[in-house]
Amino acid sequence: MDILSDLLREAGLRRRLLDLREVPEHMALRFPCERSVGFHVVLEGTLYVHTDSDPHPLRLEAGDVAVMARGCTHLLTTSEHAVGLPVYTLTAHAAKRPGTGGTTGTAGTRVVSGAYQLWNAPLHPFFAEWPAWHLVRASRTATLEPLQLCVAMLAAEMHGEQLGRDTVVYSLLDVMFTHLLRDIAAARAAQGASFSLAVRDPLVRRAVALMHEDCAHDWTLDTLARAVGMSRSVLAERFRDAMNDTPLSYLRTVRLQRAMRLLAESDDTLERIAMQVGYTDAFSFSKAFKRAVGRSPGEYRRERAEDQWASMRFPPAAAIGG
């Protein structure tokens, strides 16, 4: 069981390449969307990221990667000062910057961005524990490390129109995204109790994987402990110390994430969805779902159907990890 892939799939992940190439000198690019994360890869030049939470912009040099957390609206400029610049807002269906085919702008200032929407909420704790920004500096990263190799390959692809360019670029962005998530997880684990720390414990990770593999199973603390070769008291203690949560509480989170995806992506009845996520009947499932999400499964399903083509929603064709 690849836990990270399962988390991304259950979160309803969709992605979009924001093929900015050369950034306009006298314009600020605005990146909105409260349900997206993503990253900027600077290929050449110097760029500045302006956020409401910090009066000082982030300065990015060639080879740097800046990961933006969910809900972080920001501006991207070639100038340290954004005041007075006209603002162009990128939307889910207008991924290229203003200009003539994405080829004009400030020579030598080039960036490629990837946006990843995690539409289903509430979030899994792995995503909720992310920092507002995570920076990977080229100056502090070895040339042959995976991220820097990806940056170099991405820069090479963006220089021309080679056969299969789009396939290579999208694949590189997905590989980079995965490595960035690993980097974020390592940094978060070093800070203390969290999901990222918990999955570093082999036995806790095995328990987590079992719940992801079959969340419909009638897991109890006893059966889960036996499956990973621990006593129930040791499992409970290690889970609590590493994740600051209990195994059965985490199981409810996994079931909730899967239920949200099934409600959004299938026409299954509530009774069938309840069975698929470990509840004996639709009534108990609906009660637990409403208590956690704040609305009934039916209301949630209608909302997801209505916002399927919302202006900021990436199209179904952008879904990955299915």
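Residues numbered from 1 in each chain as written. Predicted model: local features only at pLDDT ≥ 70, side-chain atom pairs only at ≥ 80, totals over all residues. Heavy atoms only, no water.

Within the protein chain, residue pLDDT values average 86, and 88% of them lie at 70 or more. Confidence drops under a pLDDT of 50 for residues 97-106, and excluding neighbours within four residues, the segment shows 26 contacts in the predicted structure. (pLDDT = per-residue confidence, 0-100. Contact = heavy atoms within 4.5 Å.)

Within the secondary structure, Q257 is located in helix α9 (residues 247-265). The exposure class assigned to Q257 is buried, which follows from its relative accessible area of 5%. Those residues in contact with Q257 that lie beyond four places of it in its chain are E10, A11, P122, L123 and H124. (Helix = DSSP H or I, 4+ residues; strand = E, 2+ residues; numbered from the N terminus. Buried < 20%, exposed > 50% of the residue type's maximum accessible area, 1.4 Å probe, protein only.)

Moving on, we come to the pairing of strand β3 (residues 36-44). Of all the nine residues making up β3, eight are buried; the element is thus mostly covered by neighbouring parts of the structure. Looking at chain direction, β3 and strand β6 (residues 65-68) are connected through four bridges and run antiparallel. Looking at β6, one finds that H40 is bridged to A66. (Pairing = 2+ DSSP bridges.)

Turning our attention to the nonpolar core. Core analysis: the largest hydrophobic core is formed by 72 residues, its most contacted members being F39 and L154. Counting residues per element, this core draws most heavily on helix α4 (residues 165-189), at nine residues. Within the second largest apolar cluster, 16 residues are counted, among which are F31, L47, L76 and L90. (Core = buried A, V, L, I, M, F, W, Y, C linked by side-chain atoms within 4.5 Å.)

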